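Tertiary structure, described
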Amino acid sequence: MLTSITEILNLLKKYGKVEKIHKDTYVVEISPGKVRELCEILHWKLNGHFSVTVGSDERPVNGYFGVYHVFLLDKQKLSVIVHVKVNPVTLKIPSITPIIPGANWHEREAHDFFGIFFEEHPNLERLILPYDWPEGIHPLRKDVNVRELRYKLLKKETGLVVEKKAEEEYIVPIGPYHPALHEPEYFELYVEGEKIVDARYKGFHVHRGIEKVAEERLTINQVPFIAERICGICGYTHNVAYCQAVENAARIDVPLRAKYIRSILLEIERVHSHLLWFGVLFHLLGFDTGFMMTWLVREKIMDLAEILTGNRKNYGMNLVGGVRRDINEEKIKLSLETLDYVEYKLRKILDKMLKLKEITSRTKEIGLLSREEARKLSVVGPVARASGISTDVRRYHPYAAYSELEFKVPVYDAGDVYSRALVRYDEIFESISMLKQLLKNIPKGDLTAENVKVPEYRKGLGLTEAPRGENVHLVITGRENKVYRWRPRAPSYNNVPSTLVMLKGEKLADAPAIIASIDPCFSCTDHVVVIDVRTNVKQVLRLKEIARGK
Amino acid sequence: MCGLLCKLAAWARKKSPWIFHLPAGGLCNGCDIEIVAALTPRYDVERFGILLAPSPKHADILVVAGQVTKHTKERLLRVYQQVPEPKAVVAVGSCAISGNVFGTENYPLAGTVDQFIPVDVYVPGCPPKPEAIILGIVEAIKKLEGETRKS
């Protein structure tokens, strides 16, 4: 097995031209014929993991479309980006999904947005765009303008047709519960009595076309605002990942104090997000006391965020090259006091709750995801760590101030809902300990780098460990202070497909807890279609209603 | 003229308005979690009788967060029609009001909430604090009261 970095670089050089874009990150440009072979080596033989596939329209620059497969090699602390140029006439390259099933969605997305065909892909259907979207319009291509597109679509009335189609496909639900709502994640469960035999998923109702807006209208320093609004729960981590990607591309050195402040806020965000998750889990298990108590403690963390940044959510603290606001001694003292209180309270509350029979009997050995399946689907974050895979961007690809901290990466082998809860439980206390280290050791210095200049057409990769898992942003800088291509990949993108594996063979009543266990954005509002295999009657329910036993 | 039963209903509506929370699609969940935070012990709106209704048919106040996407347009209208009269609509957050950084012209988006349904109270902020959301709901209650008096 290859271990050292030079050996891997020699191997990459055999396949194509290797270019170092920034620290520990290499782009290897290869011909389409060799993609599968190299991806197989990177994912399976070198024990790295597939992270994201990015499509890009580079016709104005070099006359080709580009596809980038990003792999993270945790052991070697390397990131390898496999770049394939796609012929703009044939638009065909081999798919890597047959080797790495986790690439399924990523390739379908590139097919939607750029019209690139992935040969031998098992299911190259539309993923994000609606099924009746006009053929041949690919919104992220550079020759597509937002305004013209809107005009074209208005004529066709795309939105309305989708609705009618949906009604034909799904029988109108029975009962007083109204189904037609927010559907960020829409699951169809096929049941036989109480047992789930199959599950399907249709999502992307919240697709807002963020990438198009960022590439067409916003300047480099405006993008952090929209990046923060990708997710209202873990937005800051997207913000940091984007800024890091641009800083890496432009080789900007961020002052240490700014790095510390970023880490502090990232950890505060993690604690609040995990507490939110515990609340949701308890609520879905019908344990509302737990929900209320964890959210009460969470308010202390929200206050802390407000004291440090001025807002409870969407902090707006980052600039490319540093942070906007400083933290003074008084705030540090107050933060440390709050953290002591939160730690004391949480130990008391969560220790008791995780031992309750009502909780353990509904989470242990439920929603199993084996290590092999987890590797195949390339899951990330707490879901991977609960299935015995030790992966953590903070440890293996250190960013911000994490290389200076002492912390543990909790790993459990059981792969059930309970171990996912345990991973998050451990992480909360690790985060609190990290926060204390950060607040005590924060160095003096500047907040922003001087001379922030961003050169044209440079690539940068920004990695952060979001509360839900690794978060990857690939940025190609453009002309006139804009980004040419920006692809943020949120952790749930890799994790959601794994719920379909977890759900099979489980009881219907456990479905809410299983779906919530991967921490998809906010499961309370999700919908599930229940289909009885025997009678073939379809019923649409909200997760909450299943939790109530409806 | 308002009979006894109607007066009782108006009193009950004022003392315990039920809200239906509708995330309209183009949003980041920030407003949603702040609405949920308003229900938890620190703010505890339940002591005022404000309750999250499971269905729009049981609700008095519709709380909409986020701007409307093409996927959710029809559904928003359908949900609005299902809320019984008298009803009030509270638009929470900048996305619902103006589209925020996402703009209103991008391909998956249909527009702001008030382009599709009448909005009574706007709660600005990104996301607004739970206190602001509670104030918005109180304003909506006033509107409900006014309407019952008129009728």
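Values in this document were obtained by computation on a predicted structure and should not be read as measured data.

The rules we used
Residues numbered from 1 in each chain as written. Chains lettered and ligands numbered in written order. Predicted model: local features only at pLDDT ≥ 70, side-chain atom pairs only at ≥ 80, totals over all residues. Heavy atoms only, no water. Core = buried A, V, L, I, M, F, W, Y, C linked by side-chain atoms within 4.5 Å. Buried < 20%, exposed > 50% of the residue type's maximum accessible area, 1.4 Å probe, protein only. Helix = DSSP H or I, 4+ residues; strand = E, 2+ residues; numbered from the N terminus. Domains from an automatic or database assignment. Contact = heavy atoms within 4.5 Å. Salt bridge = Lys/Arg side-chain N within 4 Å of Asp/Glu carboxyl O. Polar contact = N/O pair within 3.5 Å; in protein donor to acceptor, adjacent residues only side chain to side chain. Pairing = 2+ DSSP bridges. Axes fitted to C-alpha atoms, helices over the stretch in contact; angles between N-to-C directions. pLDDT = per-residue confidence, 0-100. Buried area = accessible area lost by both parts, 1.4 Å probe.

All names here are of chain A. Core analysis: the largest hydrophobic core is formed by 134 residues, its most contacted members being Val82, Ile116, Ile264, Ile268 and Phe278. Among the elements that line this core, the one with the most residues is helix H10 (residues 256-284), at 13 residues. Shared between two domains, this core takes at least three residues from each, and those domains are domain 1 (5-129 + 131-156) and domain 2 (210-495). If we skip the residues at most four places from it in the chain, phenylalanine 278 touches Thr294, Leu350, Leu354, Ala421, Arg424, Tyr425 and Ile428.

As a further point, take the pattern of salt bridges. Residue and element names in this part refer to chain A. One pass over the full model with this rule turns up 30 salt bridges over all chains. One salt bridge in this structure joins aspartate 340 and lysine 436, with 3.0 Å as the shortest N-O distance. Here aspartate 340 is found in helix H12 (residues 329-355), whereas its partner lysine 436 is found in helix H17 (residues 417-441), with 96 residues between them in sequence. A salt bridge links glutamate 470 to arginine 489; its shortest N-O distance comes to 2.9 Å. Of the two residues, glutamate 470 is situated in strand S13 (residues 469-477) and arginine 489 in strand S14 (residues 483-489); the sequence distance between them amounts to 19 residues. Here glutamate 470 and arginine 489 have matching classes, each one buried.

Residue and element names in this part refer to chain A. As for its position among the elements, glutamate 211 is in helix H7 (residues 210-216). Polar side-chain contacts of glutamate 211 include one of 3.0 Å to the side chain of arginine 485. Sequence-distant contacts of glutamate 211, that is, excluding residues within four places in its chain, are made with Glu109, Phe113, Leu140, Arg485, Trp486, Arg487 and Pro488.

Next up on the list: the sheet that holds strand S8 (residues 121-123) of chain B. All names here are of chain B. Strand order in the open sheet made by the five strands is S3-S1-S4-S6-S8, with parallel pairing throughout. Looking along the sheet, the strands with just one partner apiece sit at the ends: strand S3 (51-52) and S8. As defined by bridge partners, strand S4 (residues 61-65) adjoins strand S6 (residues 88-92) across five bridges and the pair is classed as parallel. Paired with valine 64 across the strands is alanine 91, a residue of S6. Along the sheet, helix H2 (residues 30-39) contacts strand S1 (18-23), S3, S4 and S6; its crossing angle with S4, the most-contacted strand, is approximately 140°.

This part covers the confidence of the model for chain A. All names here are of chain A. Across chain A, pLDDT averages 81, with 83% of residues at or above 70. Scored below 50 in pLDDT, residues 522-539 shows 73 contacts in the model against residues more than four places distant or in partner chains. Confidence drops under pLDDT 50 across residues 546-550; counting only partners more than four residues distant or on other chains, this segment forms 12 contacts.

Time to look at the domain arrangement of chain A. Residue and element names in this part refer to chain A. According to the domain assignment, chain A contains domain 1 (5-129 + 131-156) and domain 2 (210-495). Look at where the C-alpha atoms of domain 1 and domain 2 centre, and you get two points 26 Å apart. Listed as interface residues are 47 residues of domain 1 and, on the opposing side, 32 residues of domain 2. Of the roughly 3300 Å² buried between domain 1 and domain 2 on both sides combined, carbon and sulfur atoms contribute 55%. Among the residues of domain 1 in contact with domain 2, His22, Asp74 and Leu140 are the three that bury the most area, contributing 16% of the side total. Run the count over domain 1 and domain 2 and you get two salt bridges. Put simply, arginine 487 and glutamate 109 hold a salt bridge, and the shortest N to O gap is 3.1 Å. At the junction of domain 1 and domain 2, the tally comes to 23 residue pairs in polar contact (both at pLDDT 80 or more). The set of elements that each furnish at least two residues to the side of domain 1 that touches domain 2 consists of strand S1 (17-22), strand S2 (25-30), helix H2 (35-45), strand S3 (49-58), helix H3 (59-62), strand S4 (64-73), strand S5 (78-86) and helix H4 (104-114).

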